[in-house]
Amino acid sequence: MNRKNEINMIDGPIALRLLLFALPFAASSILQQVFNSADVAVAGRFAGTEAMAAVGSNAPVINLIINIFVGMSLGANVVIATLIGRNRTENIRTAVHTVFSLALLSGIFLAAAGPFIAKPILEAIGTPEEVFVLAVLYLRIYFLGMPAVMVYNFGAAILRSKGDSQRPLYCLAVSGILNVALNLLLVTVFGMGVAGVGIATVISNVLSALMILFFLLKEEDPLRLDLRKLGMHRAQLLRIVKIGVPAGIQGMVFSFSNICIQGGINSFGSSAMAGSAAALNFEYFSYFIVSAFTQAATTFTSQNFGASQFERCKRIWRLSMIFSILITGALCLVFVLFRKSFIMIYTVEPAVISFALVRIVHVESLEFLTSTYEVSAGALRGMGHSMLPAVLTMAGSCLFRIVWLETVFRKFRSFETLMNVYPVTWIVTGAAVMAAYFIVRRKEYKRHADAAQSAGRQIR
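About the thresholds
- Counting of residues starts from 1 at the beginning of each chain's written sequence and follows it residue by residue.
- Given that this is a predicted model, residues contribute local features only at a pLDDT of at least 70 and side-chain atom pairs are listed and counted only at 80 or more, while totals for whole chains, interfaces and linings are drawn from all residues.
- Side-chain calculation: all heavy atoms of the structure are included, whereas hydrogens and water are not.
- Whether two aromatic rings pair depends on their centres lying within 6.5 Å, for rings of Phe, Tyr and Trp, where Trp uses its six-membered ring; planes under 30 degrees apart make the pair stacked, over 60 edge-to-face, and the rest tilted.
- Numbered from the N terminus, helices here are DSSP runs of H or I no shorter than four residues, and strands are runs of E no shorter than two.
- Buried residues are those whose accessible area, probed at 1.4 Å on protein chains only, stays under 20% of the maximum for their type, while exposed residues exceed 50% and partly exposed ones sit between those limits.
- For a Lys NZ or an Arg CZ to count as sitting over a ring, it must be within 6 Å of the ring centre and within 35 degrees of the ring normal.
- Here, nonpolar core means buried Ala, Val, Leu, Ile, Met, Phe, Trp, Tyr and Cys residues that are tied together by side-chain atoms lying within 4.5 Å of each other.
- By the convention used here, residues are in contact when the closest approach between their heavy atoms is within 4.5 Å.
- Only the stretch in contact is used when a helix axis is fitted, and all axes are lines through C-alpha atoms; the angle between N-to-C directions ranges over 0 to 180 degrees.
- Any angle that falls under 35 degrees is termed roughly parallel, while one over 145 is termed roughly antiparallel, one within 65 to 115 roughly perpendicular, and all others oblique.
- Helix crossings fall into two classes, left-handed where the near helix is turned counterclockwise from the far one by less than a right angle and right-handed where it is turned clockwise.
- In this classification, the charged set is Asp, Glu, Lys and Arg, the nonpolar set is Ala, Val, Leu, Ile, Met, Phe, Trp, Tyr, Cys and Pro, and all remaining amino acids, among them Gly, are polar.
- Any pair of cysteine sulfurs within 2.5 Å is marked as a disulfide.
- pLDDT measures how confident the predictor is about each residue, on a scale from 0 to 100.
- By this rule, a helix spans an expected 1.5 Å times one less than how many residues it contains.
- Take the seven residues that end at a residue and the seven that start at it, fit an axis to each, and the angle between those axes is the bend at that residue.
- Using a 1 Å grid laid over the protein atoms alone, points where a 1.4 Å probe fits but cannot get out form a cavity; open sets with protein on both sides within 12 Å along at least 5 of 7 lines form a pocket; any residue with an atom within 4 Å of a point counts as lining.
- Grid points are joined across faces, edges and corners, and a volume is the space filled by probe spheres set on the points.

Q: Help me understand the packing of aromatic side chains, please; the structure alone is not making it clear to me.
A: Each aromatic ring pair is characterised by the separation of its centres together with the angle its planes make. Tallying each qualifying case throughout the model produces 25 aromatic pairs. Aromatic pair Phe282 and Tyr346: ring centres 5.7 Å apart, planes at 80 degrees, arrangement edge-to-face. Of this pair, Phe282 sits in helix α10 (residues 270-306) while Tyr346 sits in the loop between α12 (339-343) and α13 (350-362), and the two are 64 residues apart along the sequence. Classification of Phe282 by relative accessible area gives buried; the value is 3%. Taking 6.1 Å as the distance between ring centres and 35 degrees as the angle between the ring planes, the aromatic pair formed by Phe285 and Phe335 counts as tilted. Of this pair, Phe285 sits in helix α10 while Phe335 sits in helix α11 (residues 310-337); the two residues are 50 residues apart in sequence, bridging distant segments of the chain. Overall, the relative accessible area of 8% leaves Phe285 in the buried class. Phe335 sits in the buried class, given a relative accessible area of 7%. Members of the aromatic cluster, joined through ring pairs, are Phe282, Phe285, Phe335, Phe342 and Tyr346. Sitting over the ring of Phe215, Arg167 keeps its end group 5.2 Å from the ring centre. Against the face of Phe268 rests Arg413, its NZ or CZ located 4.5 Å from the ring centre.

Given below as structure tokens:
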């Protein structure tokens with residue numbers, strides 16, 4: 001394999017290597033969100049509040065539909081990383097081609113189905129009439145670029161399985177700059193409004209997909225992609241599905257709960273929709289730090305668990321949790337302290353700003369709490385347990401949010417009450433998933449210790 005872009009996860013110090021993996025990963029996600037935020041900012045500044053609301057309020061809908069496939073890319077990462085830890089060269093080759101084939105099929109399916117389901121979903125969540133047509137237009141254009149989104153996500157998962165989180169960052173940096181340039185050109189020069197924002201996003205996604213494809217075609221064996229060998233390997237596909245589907249379903253249900261919350265936000269009008277969309281960008285920035293250390297915990301645990309390095313697995317979880325909470329907390333503090341200045345990047349409308357400030361204070365200030373369940377869930381998936389954290393997260397976070405909407409929010413109807421659902425569910429879910437992690441970890445390590453002891457007796 002190409003050692004230049006690889007991190008040795010199973011030998012030597014852990015802390016620095018976790019940072020070397022996670023920080024470029026976080027930078028990739030944050031950079032991508034910066035450029036996605038350009039969509040909202042350009043729409044808000046140059047096309048009006050309705051256009052800003054139409055673009056920004058589509059995020060939960062998009063996540064709902066594509067999260068099952070994003071979960072599958074996580075399954076691909078776990079499977080390949082575990083095979084690397086076990087040094088199963090031939091299996092790595094078949095896994096890579098299975099993963100890429102799955103990416104292409106997923107993208108084509110979403111591109112075909114997305115335009116037809118956009119309108120019914122937006123109707124179901126009560127999108128206000130003044131932004132409905134624009135929201136449908138943006139969502140339909142966005143889904144035309146789904147093959148590129150899937151190729152990038154699955155391709156990046158392949159590279160990250162060996163510790164390469166830098167080249168996916170390069171892809172997003174280049175495509176993101178193009179996205180901003182096209183946004184300004186199509187919206188401010190050609191006056192294309194929401195359609196211009198959508199087209200710019202699709203073109204930039206295609207560029208990032210082409211770049212990740214180039215890297216995979218030039219990668220050294222066994223991670224090199226050969227387009228002539230594309231196909232589904234049944235055993236590898238089943239392993240990917242076992243890990244990926246629960247994670248994907250969790251993401252879908254999570255997004256469904258956010259869509260329910262979006263329905264509550266929509267009930268306060270377009271200013272609330274636009275303000276929430278603006279504030280949400282800063283939550284994404286903070287959450288991507290958590291996500292990066294979650295991915296690090298998953299990938300490092302997968303390789304070390306595959307290599308039977310169980311003590312290192314414990315340290316990986318502990319360090320990932322500490323880094324995630326401290327770095328995310330510091331970023332949250334910056335956003336909260338300078339909240340009005342940050343919000344004015346997106347809008348100068350007083351009504352929009354007021355809603356955005358409420359969301360930042362009630363939600364963004366406690367975003368670091370998501371580390372408790374995300375990092376623990378990542379470590380569980382690295383040990384091959386994907387269903388348990390998915391079920392706990394769906395119950396503790398998603399189901400609880402729906403109950404909150406139907407009880408607390410219904411009785412004390414205010415934007416502040418609606419926003420409080422997030423930190424409450426983070427605390428509940430974090431406690432549940434961390435408890436599950438410690439229980440499973442103890443059982444798994446005991447099982448492997450007993451198996452090793454039994455094998456030793458047979459040899460004697």
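There's plenty left to go through after this.
Q: Looking at this model, I keep getting lost on the environment of Lys162. Mind explaining?
A: Within the secondary structure layout, Lys162 lies in the loop between α6 (146-160) and α7 (166-189). With a relative accessible area of 0%, Lys162 lands in the buried category. Sequence-wise, Lys162 and Val290 are 128 residues apart; in three dimensions their C-alpha atoms are separated by 20 Å.

Q: In this structure, what is going on with the nonpolar core? I would like to understand it.
A: Generally speaking, soluble globular proteins have nonpolar side chains that are buried together. Within the largest apolar cluster, 114 residues are counted, with the highest numbers of intra-cluster contacts made by Ile80, Met146, Met150, Ile265 and Ile343. For Ile343, the residues in contact, after removing those within four places along its chain, are Ala278, Ala279, Phe282, Ile353, Ala356, Leu357 and Ile360. In terms of nonpolar packing, the next biggest core, distinct from the first, is built from 16 residues, Ile14, Ala292, Phe293 and Phe300 among them.

Q: Explain the environment of Phe438 to me, please; I cannot follow it from the model alone.
A: As for its position among the elements, Phe438 is in helix α17 (residues 421-459). Separated by 124 residues in the primary sequence, Phe438 and Lys314 have C-alpha atoms spaced 9.8 Å apart.

Q: What is the right way to read the packing of α10 against helix α14 (residues 370-382) from this model?
A: Two packed helices can be described by the angle between their axes and the distance between those axes. Two elements in contact, α10 and α14, have axes whose closest approach is 7 Å; the angle formed by their N-to-C orientations is 25 degrees. Here α10 is positioned roughly parallel relative to α14, judged by the angle of their axes. Along this stretch, α10 crosses α14, giving a crossing that reads as right-handed. Of α14, the residues touching α10 (which contributes Tyr287, Val290, Phe293, Thr294, Ala297, Thr298, Thr301, Ser302 and Phe305) are Thr370, Ser371, Glu374, Val375, Gly378, Ala379 and Gly382. Looking at the contact of α10 with α14, its residues break down into seven nonpolar, eight polar and one charged.

Q: How should I be thinking about the state of the cysteines in this particular structure?
A: The bond known as a disulfide is covalent and runs between the sulfur atoms of two cysteines. Within this structure, the stated rule accounts for zero disulfides. Residue Cys260 stays outside any disulfide, its sulfur separated by 9.7 Å from that of Cys398, the closest cysteine.

Q: Got a minute to help me understand the confidence of the model for the protein in this structure?
A: Averaged over every residue, the pLDDT of the protein is 87; residues scoring 70 or more account for 95%. Of all the helices and strands in the protein, helix α2 (residues 49-56) carries the lowest mean pLDDT, 74, while α11 carries the highest, 96.

Q: Looking at this structure, I do not really get unusual backbone geometry. What am I missing?
A: With the exception of glycine, most residues fall at negative phi, and the peptide bonds are largely trans. Here Asp221 and Pro222 are connected by a cis peptide whose omega angle stands at 5 degrees. Tracing the sequence through the fold places Pro222 in the loop between α8 (193-218) and α9 (234-266). Phi is positive for Asn87, close to 60 degrees, though the residue is something other than glycine. Positive phi values are uncommon outside glycine, yet Ser308 reaches one of about 60 degrees. Within the secondary structure, Ser308 sits in the loop between α10 and α11.

Q: Which parts of the structure should I look at to understand α10?
A: Side chains of residues three or four places apart in an α-helix project in the same direction, reflecting 3.6 residues per turn. Between its terminal C-alpha atoms α10 stretches 50 Å, which fits the 54 Å expected from 37 residues at 1.5 Å a residue. In α10, a bend of some 25 degrees at Tyr287 exceeds every other bend along the element. Counting buried positions along α10 gives 33 out of 37 residues, so the element sits mostly inside the fold. After α10 finishes, the residue Ser308 shows a positive phi value of roughly 60 degrees.

Q: I tried to follow the layout of surface pockets on my own but got confused; where do I start?
A: Each pocket or cavity is described by its volume, and for the largest pocket that value is around 370 Å³. Around the largest pocket sit 17 residues that line it, and Val79, Thr82, Arg86, Arg239 and Gly384 are the ones nearest its centre. When residues in the lining of the largest pocket are grouped by element, the largest group, five residues, is from helix α3 (residues 59-86). Looking at the lining of the largest pocket residue by residue, the class counts come to six nonpolar, seven polar and four charged.

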